[in-house]
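Listed below, chain by chain, are the residues.
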Amino acid sequence: MILNEKITGQEIEGAIQNMQLGKSPGPDGLTARYYKALKEWIIQPLKEVCNEILEGKKAPESWKEAFISLIPKTETEKNQVKNYRPISLLNVDYKIFADILAKRLKRVLIGEIHKDQTGFLPGRHMSDNVRNIIDILELLEVNINRKAVLIFVDAEKAFDNICWTFMKKNLQGMGVGQGFENGIGAIYSKQKAKLIVNNVVTEEIPIEKGTRQGCPISPLLFITVLEVLLNMIRGDQLVKGVQVGARNYKLRAFADDLVLTLQQPDTSTKRVLELIEIFGQVAGFKLNKQKTKVLEKNLTMAEKEKFQSETGLVITKKVKYLGVNLTSKNVNLFKDNYDKCWTEVKKDLETWSRLKFSLLGRIAVIKMNVLPRMLFLFQTLQILDKMDCFKRWQKDISKFVWQGKKPRINFKILTDAKDRGGFALPDLRLYYESAAFCWLKQWLLLENTDILDLEGYDNRFGWHAYIWYDKVKIHKGFKNHIVRKALYNVWIRYKDLLEGKTPRWLSPMEAKETKKLNMESKWPKYCEILEQDGERVKLQSYDKLKSKVRDWLHYLQINEVFKQDRKIGFQMKRSKLETELLEPNTKNLSRMYNLLLKWNTQDETVKSAMIKWAQDIGHDIMFDDWERLWNTGVKFTACNALRENIMKMIYRWYMTPVKLAKIYHLPNNKCWKCNETEGTFYHLWWTCPKIKAYWEMIYNEIKKVLKWTFSKKPEAFLLGMVGQLVPRKDRVFFMYATTAARILLAKYWKTQQLPTLEEWQAKVIDYMGMAEMTGRIRDQGSETVEEDWKKFKIYLKNCCNIEEC
Ligand SMILES: [Zn+2]
């Protein structure tokens, strides 16, 4: 078994690689950075120590030590221990060892821990727990004869009270093997901790229970212990879960958040409490009756009273579970969660409005502050019926981004990806829809059948019949379900875009099968039962499909469906939906977002601004050049004001006399500088004789700095598209120098005045300081920044007699 194999150098290296930098060191004072730097010398001795422990030797004394520092929780009274959050600091070598064991244990637990525990294991999502609860509430809403309670268990400091002896016995019972037992035994014996209080380290305090905070194995040990209790509950005949066919939905757990969904409330609950009591005594787990909350469904007044007096638990109207506000009716979900969250967001936006952020700064606020909060809801609550809330939210966002003024850039461009020239302002609606696809994935793949059975408890057809063969028209009740309706609506909006032909993932067998209460898993998909014969696509022969069909008749039925589907043709290559959603197991949300975003901004690919620039400059700008500008060009600085200038240039943001004359019906539309020619955008930035002279001056100065000559191209000076014009080593300076020149022009935008040489020099000197900041922010060596500005410093000294400041 993998748990007991010798620890290899690669594992140690991997663990060191994984260490986060910048964290406080443990009691030995050695930081992760130290381990990374000395990796080569450390791996071998560390490997020996680790393997000796697996063989039964004691762990180094220092591994049992931790510093615990107490961080006060938000503004509460500071004289009570419970108002502090302990943060423990462990030694890095210990963490490396624990990390390796944790990785190994995870691989084993994925097969051992029941799917209804979703914490700490890869591929399991907290959102499934909420989805499960909502689905159960939907089912109980319709089946009014089913009396049920949902118990949201609060365990008293569950992590801290776990009994070590029990935990070790349990591992032994699981058959983890001697080596692994040794490993765990070595660290979970006589731990010591010292408190850091007011920067003073206290005497040692021995620790004899609880899982270790900050240690990567501790959550895994916790869920293995909890699994013992959950198995007792799952297997107990007296505890009745919510029944759908042969399936019984009794519980869901995420870390120490345990929820029980029970029918026959009185007997089931009493039995569960007994089991928890029995388990608690040996394992160190205690239910807190005051904090444990109960929602009921379909109970009469008398039944509620009886339940409360017999179990000692209190039935409430509202419960907060995994960050979601729940009641016994799902119709409240929108108001209690989305509305509530947005009210807070709006309040925050008003506060931030008073701070003077730049446009990009405000977009960053939306991205870093508003999006995560909404995204949490999108991922846990797929319940939106109408989409008009997005219009309202978008309006509030727009008001904030444009500071109450009229938007200058259209919403599509604002939300488009940066590498396509947008500003990457999050489009909340697309994020919601992307999250919907992450849920829809299960309908399409027909996986996670426990969710599917519950969600489709009253389905009359297979899932694929609803999503591909339009059976919603026949069984309208399909949409009488808060989750099904929400997901179906998103699906229908994108269906034709995503799959133009009969998709490869479609299972004609599942679609045409008479619906049973519980799903059969492993339905063959079209991509598994079709074959290509030259140009022709055909169904594989009966002989080949024998194992997948019931009998000859079944085969004929499928063949009929196949003939129908052939009319619109078959998708033979993998579609985007497959490559972005169905196949990958990670980053589905962001992949889908990018996909939907591309579609939603598709007609903007040839952006009007790009066309206008090409017309002005008189030759085409290659799309690649634009892309390069968006991808790398604007990144020369970390300063938003400078980047913003380039973006404003690209989108031709500045108002011109011509535009103003049009809007306000002014008689004069002449250039502010020369007052002779029509003041178009390009005239004011490039062709006006006065502006031309200004650029000539800047051009000459830059040549003086760089000490070589090059042609004066408008795209380089106005957009920072330097291409091969400026060699790499001079590019950073060139970008700053030209940006300075433009920002000065913008400063005197509506005046006759032009910036002077001195002003330009001063500005560039300013930027030199900023570049050093950029260097520091990006952790570049000071040499790089020095190199970028060397020529400019010489220029200042020689041409202007300015010593660097
Ligand atoms: Zn002019």
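What you see is a predicted model, and the numbers here were worked out from it, not measured in a lab.

Caption draft 1: How the structure looks around the overall build of the chain. When its secondary structure is counted, the chain shows 34 helices and 15 strands. A principal-axis box enclosing the C-alpha atoms of the chain has dimensions of 95 × 75 × 60 Å. Burial analysis of the chain (805 residues in total) assigns 34% to the buried set.

Caption draft 2: Up close: the pairing of strand β10 (residues 293–297). Across the 5 residues that make up β10, a large majority, 5, are buried. Burial of the side chains of β10 extends over both faces: Lys-293, Leu-295 and Lys-297 are buried on one face and Val-294 and Glu-296 on the other. Bridge analysis of β10 against strand β11 (residues 314–315) gives 2 bridges, and the strand direction is parallel. When the bridges of β11 are listed, Val-294 appears paired with Ile-315. Where the polypeptide runs from β10 across helix α10 (residues 301–311) and back to β11, its parallel neighbour, the crossover connection is right-handed.

Caption draft 3: Representation of unusual backbone geometry within the structure. Here Ala-424, not a glycine, exhibits a phi torsion of approximately 55°, which is positive. Since 18 C-beta atoms lie within 10 Å of it, Ala-424 is described here as partly exposed. With phi around 60°, Asp-470 is a residue other than glycine that occupies positive phi space. Structurally, Asp-470 can be placed in the loop between α17 (463–467) and α18 (482–498).

Caption draft 4: Spatial organisation of the domain arrangement of the chain. According to the domain assignment, the chain contains domain 1 (9–324), domain 2 (332–426), domain 3 (432–595) and domain 4 (608–800). Domain 3 and domain 4 are separated by 54 Å when their C-alpha centres are compared.

Caption draft 5: Quick look at the confidence of the model for the chain. Scored by pLDDT, the chain comes out at a mean of 87, with 95% of its residues at no less than 70. Least confident of the elements in the chain is strand β2 (residues 84–90), whose mean pLDDT is 70; most confident is strand β13 (residues 324–326), at 97.

Caption draft 6: Expanded view of the nonpolar core. Grouped together as the largest cluster of nonpolar side chains are 186 residues, with contacts concentrated most on Ile-151, Val-259 and Tyr-736. The element best represented in this core is helix α15 (residues 428–445), accounting for 11 residues. Residues within four places of Ile-151 in sequence aside, it is in contact with Val-259, Leu-260, Leu-262, Thr-269, Thr-292, Val-294 and Leu-313.

Caption draft 7: Main features of helix α7 (residues 178–187). Along α7, the positions that sit buried rather than exposed are Gly-179, Phe-180, Gly-183, Ile-184, Ala-186 and Ile-187. Each buried residue of α7 sits inside an arc of 160° when the element is viewed along its axis, so together they form one side. Contact partners of the buried residues in α7: α3 (39–54), α4 (92–112) and α6 (164–174).

Caption draft 8: Summary view of the environment of Ala-98. Here Ala-98 is to be found in helix α4. On the basis of neighbour counts, which here come to 23 C-beta atoms within 10 Å, the residue Ala-98 falls in the buried class. When the C-alpha atoms of Ala-98 and Gly-183 are compared, they prove to be 8.7 Å apart, with 85 residues separating the residues in sequence. With residues near it in sequence (within four places) discarded, Ala-98 still touches Ile-187, Cys-215, Pro-216 and Ile-217.

Caption draft 9: How the structure looks around the packing of helix α32 (residues 728–747) against helix α33 (residues 757–777). One way to put it is that α32 packs onto α33 with a least axis distance of 9 Å and a crossing angle of 125°. If you check the angle between α32 and α33, you find them oblique. For the pair α32 and α33, the sense of crossing is right-handed. Contact with α32, carried on its side by Tyr-736, Ala-737, Ala-740, Ala-741, Ile-743 and Leu-744, involves Glu-759, Trp-760, Lys-763, Val-764, Tyr-767 and Ala-771 of α33 and no other residues of that element. Residue composition of the contact of α32 with α33, grouped by class: 10 nonpolar, no polar and 2 charged.

Caption draft 10: Looking closely at the environment of Asn-170. By secondary structure assignment, the location of Asn-170 is in helix α6. Here the alpha-carbon distance between Asn-170 and Ala-283, two residues 113 residues apart in the chain, equals 9.7 Å. For Asn-170, the contacting residues outside a window of four places in its chain are Thr-224, Val-225 and Val-228.

Caption draft 11: Broad picture of helix α27 (residues 640–650). All of the buried residues in α27 are Leu-642, Asn-645, Ile-646, Met-647, Met-649 and Ile-650. Tucked into the core, α27 has its buried residues touching α25 (608–617), α31 (714–719) and α32.

Caption draft 12: Just the pairing of strand β14 (residues 530–533), in detail. Taken together, the 4 bridges between β14 and strand β15 (residues 536–539) define a ladder with antiparallel strand orientation. Across the sheet, Asp-533 pairs through a bridge with Arg-536, a residue of β15. Two successive antiparallel strands, β14 and β15, enclose a turn made up of 2 residues, where Gly-534 displays a positive phi of approximately 65°.

Caption draft 13: Quick look at the packing of helix α12 (residues 359–380) against α27. Here α12 crosses α27 at 105°, and the two axes come no closer than 8 Å. As judged from the angle between their axes, α12 and α27 are roughly perpendicular. In contact with Leu-359, Leu-360 and Gly-361 of α12, α27 contributes Asn-640, Arg-643 and Glu-644. Considered class by class, the residues forming the contact of α12 with α27 number 2 nonpolar, 2 polar and 2 charged.

Caption draft 14: Structural context of the environment of Lys-515. Turning to its location among the elements, Lys-515 is positioned in the loop between α19 (508–512) and α20 (526–529). Between the C-alpha atom of Lys-515 and that of Gly-462, which follows or precedes it by 53 residues, the distance is 5.9 Å. Beyond its immediate chain neighbours, meaning those up to four positions away, Lys-515 contacts Asn-459, Arg-460, Phe-461 and Gly-462.

Rules and cut-offs
- Residues numbered from 1 in each chain as written.
- Predicted model: local features only at pLDDT ≥ 70, side-chain atom pairs only at ≥ 80, totals over all residues.
- Helix = DSSP H or I, 4+ residues; strand = E, 2+ residues; numbered from the N terminus.
- Buried ≥ 20, exposed ≤ 12 C-beta atoms within 10 Å, placed from the backbone.
- Pairing = 2+ DSSP bridges.
- Right-handed = clockwise from strand over helix to strand, strands pointing away.
- Domains from an automatic or database assignment.
- pLDDT = per-residue confidence, 0-100.
- Core = buried A, V, L, I, M, F, W, Y, C linked by C-beta atoms within 7 Å.
- Contact = placed C-beta atoms within 7 Å.
- Arc of directions from axis to C-beta.
- Axes fitted to C-alpha atoms, helices over the stretch in contact; angles between N-to-C directions.
- Parallel < 35°, antiparallel > 145°, perpendicular 65-115°, else oblique.
- Left-handed = near helix turned anticlockwise from the far one by under 90°.
- Nonpolar A, V, L, I, M, F, W, Y, C, P; charged D, E, K, R; others polar.

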